[in-house]
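Coordinate analysis (summary)
Listed here are the chains, written in short residue letters.
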Amino acid sequence: METLQVLVLGFLSIVIVNNLVFTKFLGICPYLGVSGRIDMAFGMGCAVTFVVTLAGTLTWMIDHWVLRVLGLEVMMYVCFILVIAGAVQLVEMYIRKFFPALYESFGIFLPLITTNCAILGLCLFLNLWDTRRLIEAVVLSFGAGVGFTMAICIMAGIRETLQLADVPACLRGAPITLITAGLLSLAFMGFAGMIR
């Protein structure tokens, strides 16, 4: 029972309180670049969720079961990047085959998931947070993806609404998007201290 409680609190913590986009400012490139429409944002969020869950789980296993055992911690970054790139290739092939319209709408942003710093950041945070069990790594990885999806979908909903609003000419486009991103970050930082 205590383990389930820890896992639920860890999941809620990384989705809401320690959201990688809102509190660590990781993954900002796709967050701002693909959040123009809610359907694209949700598709990108699902792709990132899959990649970050797979990458976080695999990198934890490689780090704890191979690199640390063999004393090869120095190879951590190389291994992590290879795992992330492989996971992105799986997602890209799947989306191209089964959702060609979505694949075309993503454009360059889909291959750029490979360089999404939120994914590499989570893999490194799993070590920094001293995640000891595989189930914790899986839950935190999935939670990071859900948090990214929530962040990008909230931003997309606001940006779609802003298209109908009377925004002053000097604030249209990037300025109002960056102001909105800052306000969202401030709002989510208000959750800090609720769950540690």
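Worth saying up front: this structure is predicted, and the values here are computed from it rather than measured.

Definitions and cut-offs
Throughout, a residue's number is its position along its own chain's written sequence, starting from 1. At least 70 in pLDDT is required for a residue's local features to be given in this predicted model, at least 80 for side-chain atom pairs to be given and counted, and no such filter applies to totals for whole chains, interfaces and linings, which use all residues. Only heavy atoms go into the side-chain values, all of them from the structure, while hydrogens and water stay out. What counts as a salt bridge is simple: a side-chain nitrogen of Lys or Arg found within 4 Å of a carboxyl oxygen of Asp or Glu. Remark: exposure states derive from per-residue accessible area (1.4 Å probe, protein chains only) relative to the maximum for the residue type, with buried under 20%, exposed over 50%, and partly exposed in between. Each helix is a run of H or I in the DSSP string that is no shorter than four residues. Each strand is a run of E no shorter than two, and both are numbered from the N terminus. A contact between two residues is defined here by any heavy atoms of the two lying within 4.5 Å. Here, the term nonpolar core denotes a set of buried Ala, Val, Leu, Ile, Met, Phe, Trp, Tyr and Cys residues that are joined through side-chain atoms within 4.5 Å. The convention used is that axes are lines fitted to C-alpha atoms, helices contributing only their stretch in contact, and that angles between N-to-C directions extend from 0 to 180 degrees. An angle counts as roughly parallel when it lies under 35 degrees, as roughly antiparallel when it exceeds 145, as roughly perpendicular when it falls between 65 and 115, and as oblique in every other case. Note: crossing handedness is left-handed where the near helix turns anticlockwise from the far helix by less than a right angle, and right-handed where it turns clockwise.

Bringing the pattern of salt bridges into the picture now. Opposite charge on two side chains permits pairing when their charged atoms draw close. Summed over the entire model, instances satisfying the criterion amount to four salt bridges. With a closest N to O distance of 3.1 Å, D63 and R68 form a salt bridge. Given a relative accessible area of 1%, D63 falls into the buried group. Owing to a relative accessible area of 36%, R68 belongs among the partly exposed residues under this scheme.

Our focus in this paragraph is the environment of A55. Following the sequence through the fold, A55 ends up in helix α3 (residues 38–70). Classification of A55 by relative accessible area gives buried; the value is 0%. It is 39 Å that separates the C-alpha atoms of A55 and A165, two residues lying 110 residues apart in sequence. Leaving out residues up to four positions away in the same chain, A55 has contacts with V83, I84, I119 and C123.

Another aspect to go through is the nonpolar core. The nonpolar side chains of a soluble globular protein tend to be buried with one another. Within the largest apolar cluster, 49 residues are counted, with the highest numbers of intra-cluster contacts made by Y31, M44, L110, I113 and I152. Looking at which element gives the most residues to this core, the answer is α3, with 10 residues. Those residues in contact with I152 that sit more than four places away from it in its chain are P30, Y31, V34, S35, A41, M44 and G45.

For the pair α3 and helix α6 (residues 117–128), interaxial distance at closest approach is 9 Å and the crossing angle is 40 degrees. Judged by the angle between their axes, α3 and α6 are oblique. In this structure, α3 meets α6 at a crossing whose hand is right-handed. Contacts from V51, V52, A55, G56, T59, D63, H64 and R68 of α3 reach α6 at I119, L122, C123, L126 and N127.

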